[in-house]
Amino acid sequence: MTEHPFLANFPEYEYDFQGNYYEGSGFEQFQVWDRAGTQKKYDAYVAKLNSSGFATGSNESKWEKLIGGEEYTATMNPFSAGNVIITFMVEEE
């Protein structure tokens, strides 16, 4: 998290994963890919997002939270073939 401070605003994903970082005009993004994922891990992380104040809107796979004028989102691909994939993003408002 020291390398990408915006991730401190999301609940920690406590399992082994591969990660990719992207930066663009007005946003930062980090993708977690757990290739040893399970439905249990997926469900546990959804529960963490909900208990941390993130809420879903019209897109049931996207959790959003406004913090200090910035929009934080966690988008979770539906669990499939042993993969948990989460994309964390912060956008300047």
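Anything mentioned here points back to the structure above.
In this report, the structure presented in the accompanying data block is examined. (Residues numbered from 1 in each chain as written. Predicted model: local features only at pLDDT ≥ 70, side-chain atom pairs only at ≥ 80, totals over all residues. Heavy atoms only, no water.)

### A word on the pairing of strand β2 (residues 27-34)
As defined by bridge partners, strand β1 (residues 18-24) adjoins β2 across seven bridges and the pair is classed as antiparallel. Note on β2: the bridge partner recorded for Gly24 is Phe27. From the end of β1 to the start of β2, which pair antiparallel, there are two residues, and Gly26 there has a positive phi angle of about 85°. Where β2 meets strand β6 (residues 84-92), eight bridges bridge the pair, whose relative direction is antiparallel. Bridging from a neighbouring strand, Val32 pairs with Ile86 of β6. (Pairing = 2+ DSSP bridges. Helix = DSSP H or I, 4+ residues; strand = E, 2+ residues; numbered from the N terminus.)

### Brief notes about the pattern of salt bridges
For the structure shown, the criterion picks out three salt bridges. Here Glu64 and Lys62 are joined by a salt bridge, their closest N and O atoms 3.9 Å apart. (Salt bridge = Lys/Arg side-chain N within 4 Å of Asp/Glu carboxyl O.)

### A look at the pairing of strand β4 (residues 62-67)
Successive residues of a regular strand alternate their side chains across the two faces of the sheet. Alignment of strand β3 (residues 55-56) against β4, held across two bridges, turns out to be antiparallel. Its bridge partner being in β4, Thr56 is matched across the sheet by Trp63. The sheet contact formed by β4 and strand β5 (residues 70-76) spans six bridges and is antiparallel. Each bridged residue has a counterpart across the sheet, and for Ile67 the counterpart in β5 is Glu70.

### Re unusual backbone geometry
Positive phi, normally seen in glycine, also occurs at Ala81, with a value near 50°. Its location among the elements puts Ala81 in the loop between β5 and β6. We classify Ala81 as exposed; its relative accessible area is 73%. (Buried < 20%, exposed > 50% of the residue type's maximum accessible area, 1.4 Å probe, protein only.)

### A word on the sheet that holds β5
Strand order in the open sheet formed by six strands is β1-β2-β6-β5-β4-β3, and the pairing between neighbours is antiparallel. The open sheet has two free edges, formed respectively by β1 and β3, since each of these has just one partner strand. With respect to the sheet, helix α1 (residues 39-51) is in contact with β2, β4, β5 and β6, its orientation differing from that of β5 by roughly 160°. (Contact = heavy atoms within 4.5 Å. Axes fitted to C-alpha atoms, helices over the stretch in contact; angles between N-to-C directions.)

### Side note on α1
Given a rise of 1.5 Å per residue, 13 residues ought to cover 18 Å, and the 18 Å separating the end C-alpha atoms of α1 matches this to within 8%. Among the residues of α1, those classed as buried are Lys41, Tyr42, Tyr45, Val46 and Leu49. Around the axis of α1, the buried residues are gathered within 135° of arc, so they sit on the same side. Exposed side of α1, more than 90 degrees from the buried face: Lys40 and Ser51 are the residues found there. Buried residues along α1 sit in contact with β2, β4, β5 and β6. Gly53 sits one or two residues past α1 and shows a positive phi near 90°. (Expected span 1.5 Å × (residues − 1). Arc of directions from axis to C-beta.)

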